[in-house]
Each structure stands twice: as C-alpha cells, then as structure tokens.
Amino acid sequence: MTGIALRDIRKSYPNGPQVLHGVSLDIRPGEFVVVVGPSGCGKSTLLRLIAGLETTAEGEIEIGGQPAGHLAPQDRDIAMIFQNYALYPHMSVRENIAFGLELRGMPRAERRARAEEVAAILQLSPYLDRKPKALSGGQRQRVAMGRAMARKAGVFLMDEPLSNLDNALRVAMRTEIKELHRRLGATIIYVTHDQTEALSLADRIAVMKGGHLQQFATPDEIYDRPANMFVASFLGQPGINFVKAEQLPDTRGVVGLTAGLRPEALMVHADRPEGASIEGKVILTEMSGAELIVHCETTVGRLVVASQRRTLTALPERIWIGYDLDEALWFDTTSGHRVQPPAESRSM
Amino acid sequence: MKRERLTAFAALAVGLIFLSPVLYTIWMSFQTSDAYYTGRLEFTFDNYATALGQYDFGRYLLNSVLVSGAVTLVSLALSVMAAFAFARFTFPGGNLLFGAVVATLMIPSHISLIPNYLTLAKLGMLDSYAGLILPAISNGFAAFFLRQYIRGIPKALDEAAYMDGATPLKVLWRVIVPIARPAILSMGLFLFITEWNSYIWPLVAVGESELYTLQVGLARLYRINPGEGFLDWPLIMAASTLTLLPVLLGFVLVERHLVRGITMGAVK
Ligand SMILES: Nc1ncnc2c1ncn2[C@@H]1O[C@H](COP(=O)(O)OP(=O)(O)O)[C@@H](O)[C@H]1O
Ligand SMILES: [Mg+2]
C-alpha cells in the first residue's frame, strides 16, 4: 500500500493557459479517492502527472513517501486504466493482461498462471484467446482492469473508466470496482465527471474546478458541508436550489447571503402549510423511481423539489413549497463560500 | 445483378489491357528466335538457359536480391525509428529536422547522382555492394509516410505500455511495429520494388560485371547481343521475365498482409 502526496502542483501545457493552479492532496495508503469536476477542469492532467505521463512544471509529487517527480512512468509502481481502455489490439486478452508481467521479467509459466487467475476474478476466462476487437465494451473494460490488476501495483489510477459503458453495466462495474478495492487494498485514484460515481465510490472526494481544488473530504462532509456554492451545486442530483436571503420571507433583513436548499429538503403542498412556505406553480414533473421531481416557478425563482411519490396525490397547478431553514446551507453571495447561518434564521 | 456482372467484365477487360505487355513478354520468352522472326510457333526453355548460363543472369539475380533486400531492410529499420521519434517525441530541433527530411522529397535523385558518385569514389566504395546499398538507405519518403501512420495510432497505447513498464524501444518494437505492420510491409514492398528497378545508380557505381544488378545486365544484353543488326528478342524477353518474376512473387507474398483495420478495438 502506497500513499501519495501532491504539494502545490502547477501545470501549463506548452503554449496553452495554465491548467492546474497549485493542487495539494494527501492521499493515505489504501484510500479510494475520487477526483471529480466538470470536464476540462484538469482531472486527467492531474492523474497523468501522478502517472508520470506528463512532467510536472512545478510542485512536488511523493509516492510512498519518496519524491517521484523525476521518475519515468515505468519506475513508479503505478497501474493505470485509461478512459478508452487502450488495449493492445494485436494481442489476445491473455497477452494484454500478461504484457506488464513480461516486461517486468516474470517467467512465462508464472505470468500465464497470474493472467488466468486475474481473468477468473474478472470473469474473462472464456475470452483469454480473443483479440480486443472481438469483445464487447464491458469485456474490454474488464481486460483493462485485469491488465492493471495483474501487476499488483501499489497505486491504481483510473481515468473515467466507466464512461463508455451503458448505464446498467456502469452501475454493475461500480460495485465491482468497490469490491476490487476491498480485495486489493491498493490506493485508488479515480477520475470522473459523474457526481453519482464520486459519492458512491469514494472514501474521500476531491472536487476540482478550473484547475483549483475546491474541497477534499468524505462524501458525507462534501454533501452536508460543501465548501462553496460550486461544490454544493456539483454534487447531488437533482441539483441544489439557491435562493437569495433577501427574497425569503423570514430572512428579509439578511444581506449578501444565499441559502442552498436541497430538493429533498423541500416539500410540495397543495394547500398553504403551517410553517414557512413559498407560493408557486408547477412547470413540469419528472418521475424518477421512488421520487417525483417537481419543477416549480415561484416568487423566488425556479425551484426543484424531490418528493416521495407516495405522499403526493394529483398536484393542482398552484402549490406551496414548504421549507425548513434549519436544513439550509448558507453561502456568501459574492464569494460563494459557505458561511454560518444568519442569526434570524436560527432564531426561527 | 446484371450491372454487377457488367462492371466485373469491364474491370477484367481493363486488367487484361494493363497486363497484356507482361503476358506478351512471358509468351515471347518461350519462343525460339527463329520461330519469332519467321512467325512460326515453336516453344523452348533455351532462352532461360542462355540467359542464366551464357549471360550470367543468375549472378545478376543474386546481386539484385542482395542489394534490394539489404536496402529494404536497412532503410525500413532506419525510417521506422525515425518515424517513431518524429511522431512521438518533442525534442529541440525536432521540427527543423523533420522539415529537412521532408525537404529531401523535393530533390530529384539525379541531382544527387554526381555528389554521391564523388563521395563514394573518395571513400573507395565504388564497385562494391556497399556502394550500391549505402546511397539508397536513407529514404525521406518512408520516414514521412510511416510517421503519418504512427501518428494515427492512439498515443494511449504507448502510454499504456509505459505504465506496463516498457522502455521507448520496447514500445516501438512490441506495440507500434506490430500495429503499423500493414504500413511497414507496404512501405517495404515499395522500397524493394524501387530499388529493384533502380538503374542509373547501379549503372554509374559499378563497372565490374560480377556486381551488375538485373537492370544493368538487361541493358547490357542489348549491346552484347550476337548477330548483326538484329536483336534476339525472345532472349531479352526471357531475361526480362527473370527480372520481373521476383517482384511479382514478393507482391503476392506481401499482399495479403496489406490489410487495414488492425487498430480496431484498441480504443472505443
Ligand atoms: N496535451 C495538451 N495540450 C494542451 N492542452 C491540453 C492538453 N491536454 C489537456 N489540455 C487542456 O487542459 C485542460 C484540462 O484538460 P484535462 O486535464 O483533460 O481535463 P479533464 O480531464 O478534467 O476533462 C483542458 O482545457 C484541455 O484543453
Ligand atoms: Mg479527462
């Protein structure tokens, strides 16, 4: 098991703008870290720097406590799974899995056995002699995993490994990756733009935007105490609602703050409820399994509510949205940083 | 259906037209000289025996195979490595160097004829295999063509191999070369045929008949032909066929490897 430390990593591509603006992360041995952020924010670049595929312009990388910035990729004890799998097209599944072992000088019989063992874990045994082009997307993905696993590297890097799979397969592979992590005990750094994957897989999530690290914390922490409005809006589906304090009836006196209300913290009522509420009208509804997502146009702008479907009967056009400011997150409207709740709301 | 058959028929007809000189050459090479000039039909293998025995075409054939083979292997090796370097690495002066390689494509080979001759004369390499081979082994076109092909191979494959523990040479040999095999074989065939058909340089660089290549030997055949004023065409055609066959054979051998689509399934 290998820990990784990044200190103030900065990177710009030749004649391009700066892509990473001083990213620091301390990743513990055996930790499953998910790096998440919108596309183009520098996630892949960060991963490739750790792999040694890009050379760092500034900052330090330590792998297993040793400075590693000067090491070539093949000297870093790191395995990587690429977004497009990058399987060797001219090699069979067996050869793909065993290639890294061969390059590291493992005897033939031993690497055969190891490849077969890995293939069995990934349910690839029937396909060992096939070429990648004769495999389905999901099988290719497994071969890519197998290639990384065979080497028993201390660190696994995964760059959006599931983004090319259809949804059902993605969910299944997600579970498998989590199980794999438990089995291997290796450190995993997993890049994705999908917040669901981040929340479900990570021990800790690193949220990035525009080459800046926004927050590095556990999924619970990120969801319940996001560092700023970007983190709050990026994680959670459907996204959080922002309402300026000035617009809410019970915080009129508060200036410069914004309340973040998660859709599941809101309630749709057909009649005006007891507590605090906002009047609005239903624009559209989306069914999503147990929940009904209701989009409303209200006096404070558009709000999205996630309701338990059972509790709702037919909705009239005119509705009230009940909220509880104790559940709201508060942000500084200009800087976007999360702040303490204003006194007025706490007193309610 | 009817249209398809028509197309096939037309294609066949055009093919035959293109092939007819070759077929006529082969046909003529089996006739006796007398029969050819008198219009009778009389078949024989004597022309081949004469070409190989009396006129030493066996030796020329060997020379051509040696020289063309060596040129092909060495220039393929050089241009594959150059192409890999140009396609995958950025290094100081890299673009300039690549520009220079491309610029060599614009220099007609006849311009370098005299400088090459003088250089090799100074080195004492005229009248040797080295003198035949060396000037032909740097091929800017091969380097350029293969670089373009290698650039089309996803770089992620190199990177995957580096992560697997490969050195750059291993990446070239175990990943790039197998994937680029169709292009490399096509280029090899092209280089071989070009060198096989090369005439001017072997003519200039070599004076001793033991070092003649087929093309030079064939040209000499016109001059040393016995008989006053008329040429032994069937003999010349037999020699021509000997010159032609290895290339045809090589093409047939390599042709089935010239398939595309080997990168399919590498990256989705
Ligand atoms: N090789 C490169 N050369 C120049 N710019 C690049 C290169 N690779 C990525 N970039 C730029 O760097 C930024 C971050 O890219 P990337 O790390 O791939 O983001 P992500 O993986 O988060 O989508 C993007 O704006 C992208 O255009
Ligand atoms: Mg990316």
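Residues numbered from 1 in each chain as written. Chains lettered and ligands numbered in written order. Predicted model: local features only at pLDDT ≥ 70, side-chain atom pairs only at ≥ 80, totals over all residues. Heavy atoms only, no water.

- As annotated in an unreviewed UniProt entry, chain B carries the name ABC transporter permease subunit and comes from Paracoccus aestuariivivens.
- Per UniProt, the comment on chain B under Sequence similarities (unreviewed entry) is "Belongs to the binding-protein-dependent transport system permease family."
- Database annotation for chain B, UniProt heading Subcellular location (unreviewed entry): "Cell membrane". (UniProt positions renumbered as here; feature names shortened; annotations may be inferred.)

- The name that an unreviewed UniProt entry assigns to chain A is ATP-binding cassette domain-containing protein, with the source organism given as Paracoccus aestuariivivens.
- Taken verbatim from the UniProt record of chain A, the Sequence similarities (unreviewed entry) comment is "Belongs to the ABC transporter superfamily."

### Remarks on the pairing of strand 1 (residues 4–12) of chain A
Residues and elements named next belong to chain A.
Move 1: When strand 1 meets strand 2 (residues 18–27), the two strands line up antiparallel, connected through seven bridges. Following the sheet pairing, Ile9 is matched in strand 2 by Val23.
Move 2: Remark: five residues form the turn of the hairpin made by strand 1 and strand 2, two consecutive strands paired antiparallel; Asn15 in that turn has positive phi of roughly 35°.
Move 3: Here strand 1 runs beside strand 4 (residues 58–63); their pairing, made up of five bridges, is antiparallel. (Pairing = 2+ DSSP bridges. Helix = DSSP H or I, 4+ residues; strand = E, 2+ residues; numbered from the N terminus.)

### Points about the side chain of Glu31(A)
All names here are of chain A.
Move 1: In this structure, Glu31 sits in the loop between strand 2 and strand 3 (32–36).
Move 2: Taking relative accessible area as the criterion, Glu31 reaches 5% and is therefore assigned buried.
Move 3: Within polar-contact distance, the side chain of Glu31 engages the backbone nitrogen of Arg28 at 2.9 Å. (Buried < 20%, exposed > 50% of the residue type's maximum accessible area, 1.4 Å probe, protein only. Polar contact = N/O pair within 3.5 Å; in protein donor to acceptor, adjacent residues only side chain to side chain.)

### So, the site of ligand 1
Residues and elements named next belong to chain A.
Move 1: Around ligand 1 sit Tyr13, Val19, Pro38, Ser39, Gly40, Cys41, Gly42, Lys43, Ser44 and Thr45, and that is every residue in its neighbourhood.
Move 2: One nitrogen or oxygen atom from the side chain of Tyr13 is found 3.4 Å from a nitrogen atom belonging to ligand 1.
Move 3: Within the side chain of Thr45, one N or O atom sits 2.5 Å away from an oxygen atom of ligand 1.
Move 4: A total of 560 Å² of accessible area belongs to ligand 1 in isolation, and the protein chains cover 55% of it.
Move 5: Its residues assigned to classes, the shell around ligand 1 shows four nonpolar, five polar and one charged. (Near = heavy atom within 4 Å. Areas by Shrake-Rupley, 256 points an atom, 1.4 Å probe, with all protein chains shown as cover. Nonpolar A, V, L, I, M, F, W, Y, C, P; charged D, E, K, R; others polar.)

### Description of the interface of chain A and chain B
Where the parts come together, the accessible area they lose is often given as the size of the interface.
Move 1: Each partner contributes to the interface: chain A provides 27 residues, whereas chain B provides 24 residues.
Move 2: The junction of chain A with chain B conceals about 2300 Å² of combined surface from both sides, 61% of it contributed by carbon and sulfur atoms.
Move 3: Applying the counting rule to chain A against chain B returns three salt bridges.
Move 4: For the salt bridge of Arg151(A) with Asp164(B), the shortest nitrogen-to-oxygen distance reads 3.8 Å.
Move 5: Where chain A packs against chain B, one counts ten residue pairs in polar contact (both at pLDDT 80 or more).
Move 6: When contributions to the side of chain A that touches chain B are tallied by element, the ones reaching two or more residues are helix 1 (43–51), strand 6 (78–81), helix 2 (93–103) and helix 4 (137–150) of chain A.
Move 7: Here the element with the most residues in the side of chain A that touches chain B is helix 2 of chain A; it accounts for four residues.
Move 8: The class makeup of the residues in the side of chain A that touches chain B is 15 nonpolar, five polar and seven charged. (Contact = heavy atoms within 4.5 Å. Buried area = accessible area lost by both parts, 1.4 Å probe. Salt bridge = Lys/Arg side-chain N within 4 Å of Asp/Glu carboxyl O.)

### Comments concerning the domain arrangement of chain A
All names here are of chain A.
Move 1: According to the domain assignment, chain A contains domain 1 (4–227) and domain 2 (241–346).
Move 2: A C-alpha centroid distance of 39 Å is found between domain 1 and domain 2.
Move 3: Every contact between the two is made by six residues of domain 1 and, on the other side, seven residues of domain 2.
Move 4: Surface buried jointly by domain 1 and domain 2 totals about 480 Å² across both partners, of which 39% is contributed by carbon and sulfur atoms.
Move 5: Taken as a group, Tyr223, Pro226 and Ala227 account for 78% of the area that domain 1 buries against domain 2, more than any other trio of residues on that side.
Move 6: At the surface where domain 1 touches domain 2, the tally comes to zero salt bridges. (Domains from an automatic or database assignment.)

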